[in-house]
Amino acid sequence: MNDLTYKPGLHRFAWVVTVAMWVMIVAGGMVTSMGAGDSVPDWPLSYDSVLPPMVGGVLYEHGHRMIGWALGLLAITLAGWLWTREPRKWVRTLGYVALAAVCFQGVLGGIRVLVVSNDSVREAVLGSDSATEAAVARTVFAILHTTVGQAILCLAAVIATVTARRWLKTSEPVACRGADKVRRWCIVVAAALFIQVILGAVRRQTEGTIAMHLTWAFVVTAFIIALYVRVLLSAASVRELTRPATWLVLALAVQMMLGFASWGLTNAAIAGTVHMPELGGSVLLASVIRTAHLGVGAAMLAIGVTMVVRSYKYVSAAPAIADERPAVGRTATA
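Source: prediction; values computed, not measured.

1. A look at helix α1 (residues 8-33)
At step 1: With 26 residues, α1 should cover 38 Å at 1.5 Å per step; its first-to-last C-alpha distance of 37 Å lies within 8% of that length.
At step 2: Positive backbone phi, at 65°, marks G35, one or two positions downstream of α1.

Right, dumping it as structure tokens:
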């Protein structure tokens, strides 16, 4: 297995898996936004059926599960394709890890459901049948479920990136002054975005204070702007970095508008002591806005992570200029 050539089918399929994972995250966001998380009490089937009546919250909860089943099949196919056609061991390993993570993700989702509705599962997981402990465990598993989903999206995006024609044809990185700073800023931004995703998950699952999520949003904004400036200063000719950096800035602008809209909708709901926010009388429209905020955030995280791997592929530190001035104070010897 040593044929390191561009395989368009594999590359495009990796992007299909990436998009499917993003859709899965968005569908999960709609489940939370519509308050449909406990609409189905059993798992992996729904009311002992593969296709129950798709009404009310079941439409969102079971629809989310169906997308998960499809994603599992896609992940199996991608891992098998990488195993048979990909010569780089580390890329094949990414595919295997992504498959394992998809399976783990499904189990987390199942436990989140059953720890509330199934006495034996609650007893096995928590060691007690306390309703309070079950509610806490439900929230913890929901946050983990969201976090793992975001990690899978990043894995899929990296696989799609490193199987691209441009990646395979680039043999020498561009020498740039400040390449190390570009890499560090890419890592900082990716880490900051991942923290923000976790804070957002906590916010959505607990409907608690927004202070940490909002405060960290300003930090992430500053980091993204700093990264964009650093890329323009150090690697302006490297489009593999300038383009995603530009996408991040544009997505940031959209995300800020969606974030403020989501904040207003949620606060209105809490102040009105109703379960769901309403916009012009439409719970669905309000939920779409809140979920769009989640979806854009997930896309930003994936872009940030791919920028990290791109920074190691496409740029390298420029060699230091040798000091050719004559030495001062030296005595020539024969």
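Continuing now.
2. Considerations on the pattern of salt bridges
At step 1: Per the counting criterion, the structure on display carries seven salt bridges.
At step 2: Among the salt bridges present, the one from R166 reaches E240, with a minimum N-O distance of 2.3 Å. Here R166 is found in helix α6 (residues 165-169), whereas its partner E240 is found in helix α9 (residues 239-271), with 74 residues between them in sequence.
At step 3: Overall, the relative accessible area of 43% leaves R166 in the partly exposed class.
At step 4: For E240, a relative accessible area of 4% corresponds to the buried category.
At step 5: Counted as one network, the salt bridges with shared partners bring together D38, R112 and R138.

3. Quick word on the environment of T246
At step 1: Tracing the chain through its elements places T246 in helix α9.
At step 2: Placed 21 residues apart in sequence, T246 and I225 show a C-alpha to C-alpha distance of 9.8 Å.
At step 3: At a separation of 2.8 Å, a polar atom in the side chain of T246 contacts the main-chain carbonyl oxygen of T242.

4. Examining the side chain of Q255
At step 1: The topology assignment puts Q255 in helix α9.
At step 2: Here the side chain of Q255 touches H293 through a polar contact of 2.9 Å, landing on its backbone oxygen.
At step 3: Setting aside residues no more than four positions away along its own chain, Q255 makes contact with A292, H293, V296, G297 and M300.

5. Observations concerning a nonpolar patch on the surface
At step 1: A surface patch of nonpolar side chains, about 450 Å² in accessible area, is lined by L45, V50, L51, M66 and W69.
At step 2: Position of L51 among the secondary structure elements: in the loop between α1 and α2 (57-85).

Cut-offs applied
Residues numbered from 1 in each chain as written. Predicted model: local features only at pLDDT ≥ 70, side-chain atom pairs only at ≥ 80, totals over all residues. Heavy atoms only, no water. Helix = DSSP H or I, 4+ residues; strand = E, 2+ residues; numbered from the N terminus. Expected span 1.5 Å × (residues − 1). Salt bridge = Lys/Arg side-chain N within 4 Å of Asp/Glu carboxyl O. Buried < 20%, exposed > 50% of the residue type's maximum accessible area, 1.4 Å probe, protein only. Polar contact = N/O pair within 3.5 Å; in protein donor to acceptor, adjacent residues only side chain to side chain. Contact = heavy atoms within 4.5 Å. Patch = residues over 30% accessible without salt bridge, like charges linked within 9 Å, V, L, I, M, F, W, Y side chains within 5 Å. Areas by Shrake-Rupley, 256 points an atom, 1.4 Å probe, with all protein chains shown as cover.

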